[in-house]
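# Working through the structure, step by step
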Amino acid sequence: MLNFSKPHRRIVLSHSRMSTFYHCQNSYRFAHIFPQIDYQQEAQGVTNFPMDVGTAIHIAIQCYLEHRDYNRAIFELWKAFPFALYERGVKDGGRTIYAAISAFEAWLDSGVAQAYELVAVNDKASTELVGEIDLGSIEGMNEIYDFVYQCHIDAIVRRHTDGEIMPIDIKTYAGLNKLERYEYSTQLIPYTLVSNMILEKATPLQFDAEYWFIEVALTNPKIDMKPIRKDQTDFKFWVATTQQVMRQIASNLDADRWPRNDNHCYQYGQTCPWATDCWSGQASNELEEWYTALADGHPTRNGKTPDFSFRMPLV
């Protein structure tokens with residue numbers, strides 16, 4: 001029985017947040033327990049360039065699935081580039097925007113769009129759906145931790161070959177294709193669970209989904225598709241790993257101890273954005289006050305009101 005006289009703290013989990021936690025628990029603390037550092041980076045004029053390009057292509061694909069209008073989709077792709085990114089595009093002679101448009105056009109030429117149709121959910125196009133699973137609460141020494149899992153579903157589509165309705169996740173990348181690992185990822189299990197619950201499928205624990213991979217390149221961008229089929233064994237594994245993360249986060253919050261993984265301070269050619277604060281030895285309460293003031297009034301991505309939610313307590 002929970003002691004409801006204690007204050008509640010809402011903890012949002014997602015696939016990327018859990019991946020951050022597995023890589024380095026202290027980087028998870030900076031990214032998601034304290035208000036997010038993105039606002040400091042924006043203030044310094046730093047943008048996440050690859051992510052912005054990928055977002056623009058996502059928007060173009062989603063627009064085309066909904067309206068089947070090439071010019072409208074290209075217009076939406078252009079609009080999705082933030083001003084700082086546009087400046088960089090000018091400096092590189094337009095190669096960036098050309099590569100983004102080429103990737104989108106390659107996706108069109110591949111025939112993927114013709115093989116699927118977008119499904120409407122509650123009379124609205126099923127793009128950028130936010131689904132939330134209430135995972136239950138863990139009582140700590142001073143607080144009650146309320147855990148939810150959020151999924152940002154790129155689209156729900158119907159495949160024409162067999163009529164299967166399923167979520168898809170669009171992945172954009174540049175360079176060497178190292179995407180085979182997605183076949184074994186559990187990322188799309190909660191996506192499919194949410195999708196099945198939205199559509200009121202009779203068998204919500206059947207997990208069918210697809211990844212659409214689009215390479216961003218100046219010449220010859222590549223398109224790849226990977227169907228994902230999981231079973232209840234995979235679902236049980238996802239539940240077990242999620243439970244483990246929930247309990248560990250609650251334990252870390254109680255003790256205010258967040259192990260640092262120095263092997264992940266430098267990855268993918270970049271230093272961890274929280275490295276300076278992480279190594280400073282500054283007291284946690286001082287850091288939390290500073291991050292709270294920094295992010296005051298700025299909503300985070302996982303602060304969105306979900307389009308659909310249901311309860312599936314794991315603890």
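For the structure itself, look to the data block above.
A short tour of the structure in this document, coming up. Predicted model only: the values in this text are computed from it and were never measured. (Residues numbered from 1 in each chain as written. Predicted model: local features only at pLDDT ≥ 70, side-chain atom pairs only at ≥ 80, totals over all residues. Heavy atoms only, no water.)

## Regarding the overall build of the protein chain
Short version of the rule: Secondary structure elements follow DSSP: runs of H or I of four or more residues count as helices, runs of E of two or more count as strands, with numbering from the N terminus. The rule is simple: take the accessible area with a 1.4 Å probe, protein chains only, and divide by the maximum for that residue type; under 20% is buried, over 50% is exposed, in between is partly exposed. We call two residues in contact when some of their heavy atoms are within 4.5 Å. Here, Shrake-Rupley sampling with a 1.4 Å probe gives the accessible areas, and only protein chains in the shown set may cover a residue.
Along the backbone of the protein chain there are twelve helices and twelve strands. Considering the protein chain as a whole, with its 315 residues, one finds that 47% of them fall into the buried category. In the protein chain, once contacts between residues fewer than 6 apart in sequence are set aside, the share between residues at least 24 apart is 72%. Accessible area for the protein chain stands at about 16700 Å²; split by element, carbon and sulfur atoms hold 50% of it.

## Overview of the packing of helix H1 (residues 15-23) against helix H10 (residues 232-255)
Packed helices, taken two at a time, are described by their axes: the angle between them and the distance between them. The line we're drawing: Here, axes are lines fitted to C-alpha atoms. For helices the fit covers the stretch in contact, and angles between N-to-C directions go from 0 to 180 degrees. Left-handed describes a crossing whose near helix is turned anticlockwise from the far helix by less than a right angle; the clockwise case is right-handed. Under the scheme applied here, ten amino acids are nonpolar (Ala, Val, Leu, Ile, Met, Phe, Trp, Tyr, Cys and Pro), four are charged (Asp, Glu, Lys and Arg), and all others, including Gly, are polar.
For the pair H1 and H10, the least separation of the axes is 11 Å and the interaxial angle reads 65°. Pair H1 / H10 crosses with left-handed handedness. Residues Met 18, Phe 21 and Tyr 22 of H1 lie in contact with H10, whose contacting residues are Thr 241, Thr 242, Gln 244, Val 245, Gln 248, Ile 249 and Asn 252. Here the contact of H1 with H10 is built from residues that sort into five nonpolar, five polar and no charged.

## So, the side chain of Lys 171
Inclusion rule: Here a polar contact is taken to be a pair of N or O atoms separated by no more than 3.5 Å, where protein atoms must pair a possible hydrogen donor with a possible acceptor and residues adjacent in sequence count only if both atoms sit in side chains.
Turning to its location among the elements, Lys 171 is positioned in strand S7 (residues 165-173). With a relative accessible area of 17%, Lys 171 lands in the buried category. Within the structure, the side chain of Lys 171 is placed 3.4 Å from the side chain of Gln 187, a separation counted as a polar contact. If near-sequence neighbours (up to four positions away) are discounted, Lys 171 is found in contact with Tyr 182, Gln 187, Tyr 211, Trp 212, Phe 213 and Ile 214.

## Here we look at the environment of Thr 172
Along the chain, the position of Thr 172 falls in strand S7. Through-space distance from the C-alpha of Thr 172 to that of His 58 is 8.3 Å; in sequence the pair is 114 residues apart. Once you skip the residues sitting within four places of it in the chain, Thr 172 turns out to touch Gly 54, Ile 57, His 58, Ile 214 and Val 216.

## Some words on the pairing of S7
Our working rule: The rule for pairing is simple: two strands pair if DSSP sees at least two bridges between them.
Across the nine residues that make up S7, a large majority, eight, are buried. The sheet contact formed by strand S6 (residues 144-159) and S7 spans four bridges and is antiparallel. For Arg 158, the partnering residue across the bridge sits in S7 and is Ile 165. Sheet analysis places S7 next to strand S8 (residues 207-215), joined by six bridges and oriented parallel. Residue pairing across strands places Ile 170 opposite Trp 212, the latter belonging to S8.

## Considerations on helix H2 (residues 25-33)
Of all nine residues making up H2, eight are buried, and the element is well covered by its neighbours. Taken together, the buried positions of H2 are occupied by Gln 25, Asn 26, Ser 27, Tyr 28, Arg 29, Phe 30, Ala 31 and Ile 33.

## Points about the packing of aromatic side chains
Convention followed: By convention, a stacked pair of Phe, Tyr or Trp rings (six-membered ring in the case of Trp) has centres within 6.5 Å and planes under 30 degrees apart, an edge-to-face pair has planes over 60 apart, and any other such pair is tilted. For a lysine, the NZ atom is tested; for an arginine, the CZ atom; a charge sits over a ring if that atom is within 6 Å of the ring centre and within 35 degrees of the ring normal.
Summed over all chains, the structure comprises 15 aromatic pairs. An angle of 45° between the planes, with centres 5.6 Å apart, marks the rings of Tyr 182 and Phe 213 as tilted. With Tyr 182 in the loop between S7 and helix H9 (188-198) and Phe 213 in strand S8, the pair connects residues that are 31 residues apart, well separated along the chain. The buried category is assigned to Phe 213, whose relative accessible area is 0%. One Lys or Arg, Arg 29, reaches over the ring of Phe 30 and ends 4.7 Å from the middle of that ring.

## Things to note about H9
Taken across its eleven residues, H9 has ten buried, putting it largely inside the fold. Buried within H9 we find Leu 188, Ile 189, Pro 190, Tyr 191, Thr 192, Leu 193, Val 194, Ser 195, Asn 196 and Ile 198. Two residues or fewer past H9, Glu 200 is found with a positive phi of approximately 55°.

## Remarks on a nonpolar patch on the surface
Spelled out, the test is: Within the patch definition used here, like charges are joined within 9 Å and nonpolar side chains (Val, Leu, Ile, Met, Phe, Trp, Tyr) within 5 Å, considering only residues with over 30% relative accessible area and no salt bridge. For this analysis, a salt bridge means a side-chain nitrogen from Lys or Arg found within 4 Å of a carboxyl oxygen belonging to Asp or Glu.
There is a patch of nonpolar side chains on the surface, built from Trp 78, Phe 83, Tyr 86 and Val 90 and spanning about 460 Å² of accessible area. Per element, the largest residue contribution to the nonpolar patch is three residues, and it comes from helix H6 (residues 83-91). By the secondary structure assignment, Trp 78 is in helix H5 (residues 70-79).

## A few points about the nonpolar core
The tendency in soluble globular proteins is for nonpolar side chains to be buried as a group. Heads up, the condition is: In this description, a nonpolar core means a group of buried Ala, Val, Leu, Ile, Met, Phe, Trp, Tyr and Cys residues linked to one another through side-chain atoms lying within 4.5 Å.
Core analysis: the largest hydrophobic core is formed by 44 residues, its most contacted members being Ile 11, Leu 13, Ile 133, Phe 147 and Ile 249. The biggest single contributor to this core is H10, with eight residues. The contact partners of Leu 13, leaving out residues within four places of it in the chain, are Tyr 28, Leu 135, Phe 147, Val 148, Tyr 149, Gln 150, Thr 242, Val 245, Met 246 and Ile 249. Membership of the second largest hydrophobic core comes to 34 residues, among which are Ala 60, Leu 108, Ala 113 and Tyr 116.

## Observations concerning unusual backbone geometry
Even without a glycine there, the phi angle at Arg 68 is positive, about 55°. Along the polypeptide, Arg 68 turns up in the loop between helix H4 (49-67) and H5. Of note, the phi angle at Asp 123 is positive, near 65°, even though the residue is not glycine. When you line up the elements, Asp 123 lands in the loop between strand S3 (120-121) and strand S4 (124-125).

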